[in-house]
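Chains, contacts and geometry: an overview
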Amino acid sequence: AACVSAAAEEGKPLDVALVIGMHPAFYFSAAVGADGPESLGRIGSLMGESLSVTRSLAGDLPVPAQAEIVIEGSISPGDVRTLRAPASPIGYEGRERIAPVLRVSALTRREDAVFQAAGIFGERLFLPTPIREAQALEILRAAVPAVVDVRIPAVSNGYHAYVKVNQKRMGEAKKAILAALGTIPGVKTVFAVDTDVAMEVDREVLWVLATRVVADRDLFMVPGVLGESEDPTSYEITRRGRGGMVTRLGIEPRTRRLRVCCSA
């Protein structure tokens, strides 16, 4: 999107190559949002070897030599179409939007090419999750050293985050929650858990929610925060219609009991 916008501001067409069927590191790098010439080096680092590239047929773009399919084309400024109720990765119809049109100029493929696709849910939610978790952990540890781990379950559409905190002083867990609410894109609810909780197991987190949370004491809300327009719960600041605002929720269980068995 940034490249399309930059080309449109200059009034120039943007050459594009869509790559289908590559090493998972290629898609992880795309999920991070890495672009520019240095992104090829990042992909090679993840692969553990140099990324072999070749020049595209119709343009002068470096494309992976081992790709199954490469679709080339260009996007011209002002060449757009309206998408009516497009599919959304969160399971709802998306809102009408304007999208640029790719004019295809060439298509290359292997003789027995494999069309690799994880679907909109897999590509938009599951694929970026490990990277989002790693980025969030780095940021939160810098703000609150007591943070042990972060989980952003893809099944929550990326709207929930679990933060494990080895709390030594009162307030560290809440500080971690506030840091997470303010820095992890898209997250609406942050749940702090103790180190005795296996937050990779959803049943464990639900057990904590059921047995350790006192709602009127352990929940706090932050309304009117800029969120994602795809979120069906988003609202205008006046709350008279749909918009980009969401209410974020922090959950800090403070009830402590002796744990006699593992609920997992």
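Residues numbered from 1 in each chain as written. Predicted model: local features only at pLDDT ≥ 70, side-chain atom pairs only at ≥ 80, totals over all residues. Heavy atoms only, no water.

**Examining the pattern of salt bridges**
Oppositely charged side chains are able to pair whenever their charged atoms sit close together. Counting across every chain of the model gives 10 salt bridges. When the shortest N-O distance is used, the salt bridge between D79 and R81 registers 3.5 Å. Given the relative accessible area of 46%, R81 is considered partly exposed. Its salt-bridge partner being K188, residue D231 comes within 3.0 Å of it at the nearest N-O pair. Note that D231 is positioned in the loop between β11 (219-226) and β12 (245-251) and K188 in the loop between α6 (172-183) and β10 (189-193), a separation of 43 residues in sequence. (Salt bridge = Lys/Arg side-chain N within 4 Å of Asp/Glu carboxyl O. Buried < 20%, exposed > 50% of the residue type's maximum accessible area, 1.4 Å probe, protein only. Helix = DSSP H or I, 4+ residues; strand = E, 2+ residues; numbered from the N terminus.)

**Here's the deal with the nonpolar core**
Core analysis: the largest hydrophobic core is formed by 22 residues, its most contacted members being L140, V147, V150, V163, I184 and V190. Those elements giving two or more residues to this core turn out to be α5 (129-143), β8 (147-151), β9 (160-165), α6 and β10. With 6 residues, α6 is the largest single contributor of residues to this core. The contact partners of V150, leaving out residues within four places of it in the chain, are E133, A136, L137, L140, Y162 and M199. The next biggest cluster of nonpolar side chains, apart from the first, holds 11 residues, and it includes V19, F26, Y27 and I43. (Core = buried A, V, L, I, M, F, W, Y, C linked by side-chain atoms within 4.5 Å. Contact = heavy atoms within 4.5 Å.)

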